[in-house]
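Overview (structure and organization)
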Amino acid sequence: MENVDELFFQAFENNPTGMIISGIETGKYQYVNKSFLDFFGYTKPEVIGKTSLDLKLINPEVREKIYVKLRKQGIVKDTRILVRKKSGRFFWAICTMQIVNSKNQKYVVTTFYDITKQEKKRKQSLNTNKFLESVLENIPNMVFVKDAKDLSFLHLNKAGEDLLGYSQLDLIGKSDYDFFPKDQADHFVAKDRKTLSDKVILDIPEETIETKKGKRILHTTKITITDENNNPVYLLGISEDITERKAEEKKIIEQRDQIAQLLAFQNIILNGTDYSIITTRASDGIITSFNKGAENMYGYKAEEVVGIITPAVFFDKDEIRAHASTLSDELKIKVEFGPDALRIKPRTINSIDTNEWTCIRKDGSKINIELSMSALRDNENNVIAYLGV
């Protein structure tokens, strides 16, 4: 028996878990082990014969609640409590208390272990979860989570509620078939099943969905969330509402088609006349269009001149020089010899400038023409091109 008592004492004294044996009536500590003293920073003489209230180890109200439960049940397991060290520093511990009988006397055996590190990790995890939840709730795209087993909704963020017109409570535990037309629900479920079976990130560039606010077009990405054994647990979906973007794209395409039709009509008109019609860039005078009439008049093909040269090549240099001098006197500004002599008057006084010229064709022959030059302007009156007819 003495050997058993000695073994019990050794197990008690060297247990890595803090242990206390106290009287059930008084609560005074009769035995404490080394781990208890190390945890709390006391010596044995400082605690024997004292209670937890004397040492201010625990909040009195918390202690009373635990003791009430202990007297009723005889044991209180794994209670998470905040305890105080001799230094005054608090830490979290898991405490278990049990009433035991020994030699017709009742004692309370208390064990506890420090969970400060676990508690810190738990709080970090909670903070991380709160952060992620805050991100999910505030991103502008719809985010939803489904159960991998039955594809019932588990979560819907605020953007999703606004988009669909349903609250998260409306969707939780329900499936696509409870809210959307069967053909749409079939489509969503098929994509869900493919994502889960292939365990891939599935990108759906465009899909239509009926909402309480009408038909919308979504760009959706679906992702499989697996457990530690790589088994699907959740389906995560992220959907961007691209309805307005698609409408704008359609509008741009329609406008582009209209412009193409107008340009085609313009070419029909330009190429259906015997008049020479040439347009040039406002910045450098380079030819931007050259109709059939111009080809016939000057002997050049459009591809030989458009984007390559200015109309100055068609004019007699002496006439250009003389015209620049005349304009300098008329406009009271210095007009340089070159292409600008043909366009400065329409630009500065915003009128059509008509003159007779001797022009040189590609084959070197000369012809007499009458040229009317005008400046083409945008809505802000900036010159964007010049037109010569």
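Right, let's walk through the structure included here.

A cluster of nonpolar residues, L154, I225 and Y234, forms a patch on the protein surface that exposes about 240 Å² of accessible area. Taking relative accessible area as the criterion, L154 reaches 35% and is therefore assigned partly exposed.

Turning our attention to the environment of V145. Along the chain, V145 turns up in strand β6 (residues 142-147). Distance from V145 to T224, taken between C-alpha atoms, is 10.0 Å for residues 79 residues apart in sequence. Discounting chain neighbours no more than four positions away, the residues touching V145 are S152, F153, L154, H155, Y234, L235 and L236.

Attention shifts here to the pattern of salt bridges. Working definition: two side chains of opposite charge can pair if their charged atoms are close together. Applying the stated criterion across every chain yields a total of 21 salt bridges. Taking the shortest distance from any N to any O, the salt bridge between D198 and K194 comes out at 3.0 Å. Remark: K194 and D198 occur in helix α9 (residues 182-198); sequence separation between them is four residues, near one turn of the helix. Among the ionic pairs, D284 bridges to R281, the shortest N-O distance being 2.9 Å. R281 gets classed as partly exposed once you look at its relative accessible area, which sits at 35%. Shared partners join several salt bridges into a network, and the residues in it are K146, D176, D192 and K222.

Right, let's get into the sheet that holds strand β8 (residues 202-211). Pairing within the open sheet is antiparallel, and its five strands lie in the order β7-β6-β10-β9-β8. Strand pairing shows two members of the sheet lacking a second neighbour, β7 (153-156) and β8, which therefore form its edges. Each strand axis lies, on average, 30° off the axis of its neighbour in the sheet, ignoring direction. Judged from the eight bridges that link them, β8 and strand β9 (residues 214-226) form a sheet pairing that is antiparallel. Bridge pairing in β9 places D203 opposite T221. Across the face of the sheet, α9 comes into contact with β6, β8, β9 and β10 (232-241) while running at roughly 155° to β8.

Before going further, it helps to examine helix α5 (residues 60-73). Given a rise of 1.5 Å per residue, 14 residues ought to cover 20 Å, and the 20 Å separating the end C-alpha atoms of α5 matches this to within 8%. For α5, the set of buried residues is R63, I66, Y67 and L70. Axial view of α5: buried residues confined to an arc of 100°, hence all on one face. Those residues of α5 that are exposed and aimed more than 90 degrees away from the buried face are E61, K65, K72 and Q73. For α5, the secondary structure elements touched by its buried residues are β1 (18-23), α4 (52-55), β3 (75-84), β4 (90-102) and β5 (105-114). Here α5 starts with a cap whose side-chain oxygen sits 2.9 Å from the backbone nitrogen of E61, and that cap is N59. G74 occupies a position one or two residues after α5 and carries a positive phi of about 85°.

Rules of the game
- Residues numbered from 1 in each chain as written.
- Predicted model: local features only at pLDDT ≥ 70, side-chain atom pairs only at ≥ 80, totals over all residues.
- Heavy atoms only, no water.
- Patch = residues over 30% accessible without salt bridge, like charges linked within 9 Å, V, L, I, M, F, W, Y side chains within 5 Å.
- Areas by Shrake-Rupley, 256 points an atom, 1.4 Å probe, with all protein chains shown as cover.
- Salt bridge = Lys/Arg side-chain N within 4 Å of Asp/Glu carboxyl O.
- Buried < 20%, exposed > 50% of the residue type's maximum accessible area, 1.4 Å probe, protein only.
- Helix = DSSP H or I, 4+ residues; strand = E, 2+ residues; numbered from the N terminus.
- Contact = heavy atoms within 4.5 Å.
- Pairing = 2+ DSSP bridges.
- Axes fitted to C-alpha atoms, helices over the stretch in contact; angles between N-to-C directions.
- Expected span 1.5 Å × (residues − 1).
- Arc of directions from axis to C-beta.
- Polar contact = N/O pair within 3.5 Å; in protein donor to acceptor, adjacent residues only side chain to side chain.

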